[in-house]
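Chain and residue survey
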Amino acid sequence: MIFINEEIESKEVYKGLSRKILSYGGNLMVVECHAEKGVKVPIHSHIHEQCGYIISGKFQGIIDNEKTTLTSGDSYYVKPNQEHGLVCLEEGSFLDIFTPQREDFK
């Protein structure tokens with residue numbers, strides 16, 4: 001399948017955070033998120049493996065209560081059921097890749 005970015009609708013998750021499901025199939029899903037400064041993705045966990053990549057901006061990544069500053073080019077990995085969250089320190093965007101797909105995002 002081919003997915004054209006400009007044809008994909010961006011959905012507001014909550015105030016200051018939006019996402020686009022860029023592609024999905026089989027067991028994989030790629031999601032682009034845009035966050036405004038101050039947005040917090042609360043600490044949570046899920047059954048999915050997750051890799052993330054910071055496209056732009058500055059974020060504080062939190063995995064198992066360990067906090068790390070992330071900027072453009074940085075990435076992260078979250079194991080299934082591992083607690084994690086994100087705080088946007090400077091407006092920016094990031095990619096999240098999940099396996100299996102996040103059916104709750106569709």
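Residues numbered from 1 in each chain as written. Predicted model: local features only at pLDDT ≥ 70, side-chain atom pairs only at ≥ 80, totals over all residues. Heavy atoms only, no water.

**Some remarks on the nonpolar core**
In this structure, Val31, Ala35, Ile54, Phe59, Tyr76, Phe94 and Phe105 are the most contacted members of the largest nonpolar core, which totals 17 residues. Put simply, the parts of the chain that give this core at least two residues each are β2 (17–25), β3 (28–35), β5 (49–63), β7 (75–78) and β8 (84–99). Each residue touching Tyr76, except ones within four places of it in the same chain, is listed here: Gln50, Cys51, Gly52, Tyr53, Ile54, Ile63, Leu70, Phe94, Leu95 and Asp96. (Core = buried A, V, L, I, M, F, W, Y, C linked by side-chain atoms within 4.5 Å. Buried < 20%, exposed > 50% of the residue type's maximum accessible area, 1.4 Å probe, protein only. Helix = DSSP H or I, 4+ residues; strand = E, 2+ residues; numbered from the N terminus. Contact = heavy atoms within 4.5 Å.)

**Re the side chain of Lys20**
Within the element layout of this structure, Lys20 appears in strand β2. Excluding residues within four positions of it along the chain, Lys20 makes contact with Asn5, Ile8, Glu9, Ser10, Val30, Val31 and Glu32.

**Some words on the pattern of salt bridges**
For the structure shown, the criterion picks out two salt bridges. One salt bridge in this structure joins Asp104 and Arg102, with 2.7 Å as the shortest N-O distance. We classify Arg102 as buried; its relative accessible area is 9%. (Salt bridge = Lys/Arg side-chain N within 4 Å of Asp/Glu carboxyl O.)

**Looking at the side chain of Gln101**
Looking at the element boundaries, Gln101 is found in the segment after β8. Relative accessible area serves as the criterion here: at 10%, Gln101 is assigned to the buried category. There is a polar contact of 2.9 Å between the side chain of Gln101 and the backbone oxygen of Gly26. (Polar contact = N/O pair within 3.5 Å; in protein donor to acceptor, adjacent residues only side chain to side chain.)

**Observations regarding the layout of surface pockets**
One number sums up the size of the largest pocket: a volume of about 370 Å³. Along its surface, the largest pocket is lined by 25 residues, and Val41, His44, Gln50, Phe94 and Asp96 are the ones closest to its centre. Where the lining of the largest pocket is concerned, the elements lending two or more residues are β1 (11–14), β2, β3, β4 (40–44), β5, β7 and β8. Ranked by residues supplied to the lining of the largest pocket, first place goes to β8 with six residues. Per-class residue counts for the lining of the largest pocket are 16 nonpolar, six polar and three charged. (1 Å grid on protein atoms, 1.4 Å probe; cavity = no way out; pocket = protein on both sides within 12 Å on 5 of 7 lines; lining within 4 Å. Points joined across faces, edges and corners; volume = space filled by probe spheres on them. Nonpolar A, V, L, I, M, F, W, Y, C, P; charged D, E, K, R; others polar.)

**Looking at the pairing of β7**
Alternating residues of β7 divide into Tyr76 and Val78, all buried, and Ser75 and Tyr77, none buried. Direction of pairing for β5 relative to β7: antiparallel, over a ladder of four bridges. Note that in β7 the partner of Tyr53 across the bridge is Ser75. (Pairing = 2+ DSSP bridges.)

**Here we look at the environment of Tyr77**
The topology assignment puts Tyr77 in strand β7. For the pair formed by Tyr77 and Gly26, sequence separation is 51 residues and the distance between their alpha carbons is 20 Å. The contact partners of Tyr77, leaving out residues within four places of it in the chain, are Glu49, Gln50, Cys51, Ile63 and Gln82.

Note that every value here comes from positions in space, so none of it alone points to a role or purpose.
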